Amino acid sequence: MMTGAAPPTERRLAFVAEWYQAEAAIIRTFLVTYFVADKAVEVFDQRSKKTFLRRTKIPELTQRDFFVGSKINVFGRQFDIVDYADESTRSNLAKYRKRGFVLLKSHMWQKHLGKFLKTLIQNKMNINNGQMVQFTSKMVTQFLSGKPKTEVVSSVLMNELLAGPAISLELIGDNVVEIMSACVKYKGGDCGSSSSMKLSSSLEQLFEQEDVRYGIYCPETEEDVAIDLKFFFEERHSIMKECLFKGTTLAIIKPHSIKDGLLGDIIDDILANGFNVTAMRMILMARINCEEFYEVYRGILPEYIPMVAQLASGVCMCLEIASSDPGKSSHSDFRTFCGPMDPEIAKLLRPHTLRAKFGKSKVLNAIHCTDLPDDTNLELQYMFKILD
């Protein structure tokens, strides 16, 4: 059932979405329609058969936010898009917008993470979810159960996954499963006899490096992708790596930076300037959580309300940051590296800082960093513990 009057030629995308109502501990189903021309959203409650939200412009949401598997915030409520609601939307998106999965082994991501993410994003593969994980022997065994024997010869993969933290990523993109499979098989112009996929020059350059090629695991079928995504992002086991909570600080790469394709560039800059990432997770925060997180700025910064709206507008990337020099303060060094809150001031005074390079305004300033050293553990606890 579609609601609201719209010209038959108007382009719109319709999805089935779920919202978890915590008070009643039930999942409610909605029809969410996105109108492309005016960036408006309409929400219809399937249970009550009533319009929950009339057609309303929500500038923070774009067409790129709408696909099966995504999470969106609509005025404080988080909706999980679980299916297409009509054949028109399915035919327009289903054959292109596929979900993929890749696991970056410890030795690979510590050297190539920023470049890897940049190359994927350049090739129109969006990072929809991600976290740093720490395997135990039991979890490795569980993860590898049912995998092809070629993956576990001599327990090589098991040993690699136990050697240090890995990074799991959910990808969204055209032919993403086939592309990633071809990347792993790529050897100097040869994608493997079983693949007819032609890689872009940027992907070829990345995967010409043997430590990149052998430093990742990715499934080769959509069915296996679904199994791996469920293992890493849906099952409730403690695989996400815990924060150190000592001598570290928090960074949050804001939703606008991720939507603009800058995730890889920012992480590359962080790692290239003497900082280590010791924990990582992507999360879509409810508006009430964003208000709570930014509570210290309420009544102090006139940008408080738009800051909250920006943080709630899409997924953000949370990082625990440590200085590679144990003699330095991670908090003060990283805060200096981020630069002044206003990117225009940053460009004048500190042009090499993150906000000078990637920020647009006080609200769209690319990255949040902890302001006060005494708040580092509080903010890390909030983003990595409390929001679970």
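Residues numbered from 1 in each chain as written. Predicted model: local features only at pLDDT ≥ 70, side-chain atom pairs only at ≥ 80, totals over all residues. Heavy atoms only, no water.

Novice: What is the right way to look at the packing of helix α3 (residues 137-144) against helix α8 (residues 222-233) in this model?
Specialist: A packed helix pair is summarised by two numbers, namely the angle formed by the two axes and the spacing between the axes. The contact between α3 and α8 brings their axes to 11 Å, and the two run at 160°. Of the possible angle classes, the one that applies to α3 and α8 is roughly antiparallel. Between α3 and α8 lies a crossing of right-handed hand. Each of Met 139, Gln 142 and Phe 143 in α3 lies in contact with α8, whose residues at this interface are Asp 228, Phe 231 and Phe 232. (Axes fitted to C-alpha atoms, helices over the stretch in contact; angles between N-to-C directions. Helix = DSSP H or I, 4+ residues; strand = E, 2+ residues; numbered from the N terminus. Parallel < 35°, antiparallel > 145°, perpendicular 65-115°, else oblique. Left-handed = near helix turned anticlockwise from the far one by under 90°. Contact = heavy atoms within 4.5 Å.)

Novice: Whenever I open this one, unusual backbone geometry confuses me. Can you help?
Specialist: Peptide bonds are, in most cases, trans, and in most cases residues other than glycine have a negative phi. Despite not being glycine, Lys 39 shows a phi value in the positive range, around 50°. When you line up the elements, Lys 39 lands in the loop between β2 (26-35) and β3 (40-45). Of note in this structure, Ala 366 is not a glycine but carries a positive phi near 80°. Here Ala 366 is to be found in the loop between α15 (354-358) and β14 (367-369).

Novice: Looking at this structure, I do not really get the nonpolar core. What am I missing?
Specialist: Side chains that are nonpolar tend, in soluble globular proteins, to be buried together. Core analysis: the biggest nonpolar cluster contains 69 residues, and Phe 116, Phe 135, Met 180 and Phe 334 have the highest contact counts within it. Per-element accounting of this core gives the leading share, seven residues, to helix α2 (residues 106-122). Once you skip the residues sitting within four places of it in the chain, Met 180 turns out to touch Val 102, Phe 116, Leu 120, Met 125, Leu 171, Phe 207, Ile 216 and Cys 218. The next biggest cluster of nonpolar side chains, apart from the first, holds 25 residues, and it includes Val 308, Leu 311, Ala 312 and Phe 384. (Core = buried A, V, L, I, M, F, W, Y, C linked by side-chain atoms within 4.5 Å. Buried < 20%, exposed > 50% of the residue type's maximum accessible area, 1.4 Å probe, protein only.)

Novice: Any chance you could explain the sheet that holds strand β4 (residues 50-57) here in plain terms?
Specialist: Remark on secondary structure: sheet strands pair via backbone hydrogen bonds, oriented parallel or antiparallel. The strand order across the open sheet built from six strands is β4-β3-β2-β1-β6-β5, with neighbouring strands paired in antiparallel fashion. Single-partner strands in this sheet number two, and they are β4 and β5 (71-74). Each strand of the sheet is rotated relative to its neighbour by a mean of 30°, with strand direction disregarded. As paired elements, strand β1 (residues 12-21) and β2 share ten bridges and run antiparallel to each other. The residue of β2 that forms the bridge with Ala 17 is Phe 30. (Pairing = 2+ DSSP bridges.)

Novice: What's the story with the pattern of salt bridges in this structure? I'm lost.
Specialist: Between side chains of opposite charge, a pair can form when the charged atoms approach closely. Inspection of the entire model under this criterion finds 21 salt bridges. One salt bridge connects Asp 269 with Lys 357, and the closest N-O pair in it is separated by 2.8 Å. With a gap of 88 residues between them, Asp 269 in helix α10 (residues 263-272) and Lys 357 in helix α15 connect regions that are remote in the sequence. One salt bridge connects Glu 295 with Arg 298, and the closest N-O pair in it is separated by 3.1 Å. Look at Glu 295 and you get partly exposed, because its relative accessible area is 39%. A single network of salt bridges, built from pairs that share partners, joins Asp 83, Glu 87 and Arg 90. (Salt bridge = Lys/Arg side-chain N within 4 Å of Asp/Glu carboxyl O.)

Novice: Just checking my understanding: could you explain the packing of aromatic side chains for this structure?
Specialist: By convention here, two paired aromatic rings are described through the distance between centres and the angle between planes. Throughout the structure, instances matching the rule amount to 22 aromatic pairs. Through a chain of ring-to-ring contacts, three or more aromatic side chains come together here, namely Phe 101, Phe 135, Phe 143, Tyr 217, Phe 231 and Phe 232. Between Arg 55 and the ring centre of Phe 35, over which it is positioned, the NZ or CZ distance is 3.9 Å. Of note, Arg 77 hangs over the ring of Trp 19, and the distance from its end group to the ring centre comes to 3.8 Å. (Phe/Tyr/Trp six-rings, centres within 6.5 Å; stacked < 30°, edge-to-face > 60°. Lys NZ or Arg CZ within 6 Å of the ring centre and 35° of its normal.)

Novice: Would you mind showing me how to read the side chain of Thr 249 here?
Specialist: Assignment of secondary structure puts Thr 249 in strand β11 (residues 249-253). Leaving out residues up to four positions away in the same chain, Thr 249 has contacts with Leu 319, Glu 320, Ile 321, Ser 330, His 331, Phe 334, Thr 370, Thr 376 and Leu 380.

Novice: How should helix α13 (residues 330-338) be read in this particular structure?
Specialist: Residue pairs spaced three or four apart in an α-helix point in one direction, given the helix's 3.6 residues per turn. The set of residues buried in α13 consists of Ser 330, His 331, Phe 334, Phe 337 and Cys 338. Viewed end-on, α13 has its buried residues packed into an arc of 135°, placing them on one side of the element. Positive phi shows up at Gly 339, right after α13, with a value of about 90°. (Arc of directions from axis to C-beta.)

Novice: I keep staring at the pairing of β3 and nothing clicks. Help me out?
Specialist: Remark: a regular strand shows side chains that alternate across the two faces of the sheet. In terms of burial, β3 is largely enclosed, as six of its six residues are buried. The alternating pattern of β3 places Ala 40, Glu 42 and Phe 44 and Val 41, Val 43 and Asp 45 on opposite faces, both of which are buried. For β2 and β3, the ladder comprises six bridges, and the chain directions are antiparallel. Residue Val 32 lies in a different strand from β3, and its bridge partner there is Val 43.

Novice: How do you make sense of α10 when you look at a structure like this?
Specialist: Burial in α10 covers these residues: Leu 263, Gly 264, Ile 266, Ile 267, Asp 269 and Ile 270. Just past α10, the residue Gly 274 takes up positive phi, approximately 85°.

Novice: Explanation requested: the pairing of strand β6 (residues 77-84) in the structure shown.
Specialist: Pairing of β1 with β6 involves four bridges; the strand directions are antiparallel. Counterpart to Glu 18 in the pairing with β6 is Asp 80. Of the pairings in the sheet, the one linking β5 to β6 comprises four bridges and is antiparallel in character. Across the sheet, Val 74 pairs through a bridge with Arg 77, a residue of β6.

Novice: Just to check I follow, could you spell out the environment of Ser 332 for this structure?
Specialist: Structurally, Ser 332 can be placed in helix α13. In this structure the C-alpha to C-alpha distance between Ser 332 and Asp 371, which are 39 residues apart in sequence, comes to 8.7 Å.

Novice: What's the story with the environment of Ile 288 in this structure? I'm lost.
Specialist: Assignment of secondary structure puts Ile 288 in helix α11 (residues 287-293). The sequence separation of Ile 288 and Phe 75 amounts to 213 residues, and the corresponding C-alpha distance is 9.9 Å.

Such coordinate-based values are descriptive only and should not be taken to indicate function.
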